[in-house]
Structure formats: C-alpha cells, structure tokens
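# Structural overview for review
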Amino acid sequence: IENLDNPAPFLSSFSFEITFECLQPLADDLEWKVLYVGSAEDTSHDQVLDEILVGPIPVGINKFVLQADAPDISQIPEGDILGVTVVLVT
C-alpha cells in the first residue's frame, strides 16, 4: 500500500495505491476499508472513512487506487486532535 498524498494537510482526503497478488480464483469480492482512529482510549471515536467491494478479482497482480475523505474533526476529542493517530487500511 502506497500513500499517494504524503505529506498532506490534516483535512485533505486520503489516496492509497493498493497492489496485491491473487493466487487462486475468488468466489466473492474483497472488502476494503479505511478506518481513522480518533482516540487511542475510546473506539467510539473511530471513523470509517470509506468502505468498498472490489471484484471480480482475477488471478495475478492487481492494483487500484482507494480514495477516502478526511476524518470529521468534530468527532475527534479535543485532546487527541494534535496527538498521534492511526489510519488503517484493511
């Protein structure tokens, strides 16, 4: 996974180029999710920034760009806005 917009302002959207290898035919689409962790102490501040299904997936090397909006700053506790955070791509 490559972050295409690094560095970027806090309120900018995210763009990730995702490359993966599929070794056998898949019966179902793959679900991809971008999750912003708003607070290390409370998961209720986590935000799903985007969720997509990708498919059908051919055997071989696959690549696509996943874009997601910036987190909603009003959902982040004031004490965590300038702290360390995590963006998870699953």
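Above this text is the structure in question.
Now for a description of the structure that goes with this document. (Residues numbered from 1 in each chain as written. Predicted model: local features only at pLDDT ≥ 70, side-chain atom pairs only at ≥ 80, totals over all residues. Heavy atoms only, no water.)

### Here we look at the overall build of the protein
In terms of helices and strands, the protein carries 0 helices and 6 strands. Mapped from its N terminus to its C terminus, the protein presents α and β elements in the order β-β-β-β-β-β. Structurally, the protein occupies a C-alpha span of about 45 × 25 × 15 Å along its principal axes. Counting every position in the protein, which comprises 90 residues, the buried fraction comes to 26%. Residue pairs at least 24 apart in sequence account for 63% of intrachain contacts in the protein once pairs closer than 6 positions are excluded. For the protein, the exposed surface amounts to about 6,100 Å²; the carbon and sulfur share of it is 53%. (Helix = DSSP H or I, 4+ residues; strand = E, 2+ residues; numbered from the N terminus. Buried < 20%, exposed > 50% of the residue type's maximum accessible area, 1.4 Å probe, protein only. Contact = heavy atoms within 4.5 Å. Areas by Shrake-Rupley, 256 points an atom, 1.4 Å probe, with all protein chains shown as cover.)

### Brief notes about unusual backbone geometry
In the segment running from Asn 6 into Pro 7, the intervening peptide bond is cis, with an omega of 0°. Mapped onto the fold, Pro 7 is located in the loop between β1 (2-3) and β2 (14-22). In this structure, Pro 56 follows Gly 55 across a cis peptide bond, with omega equal to -5°. Mapping Pro 56 onto the fold places it in the loop between β4 (47-54) and β5 (60-68).

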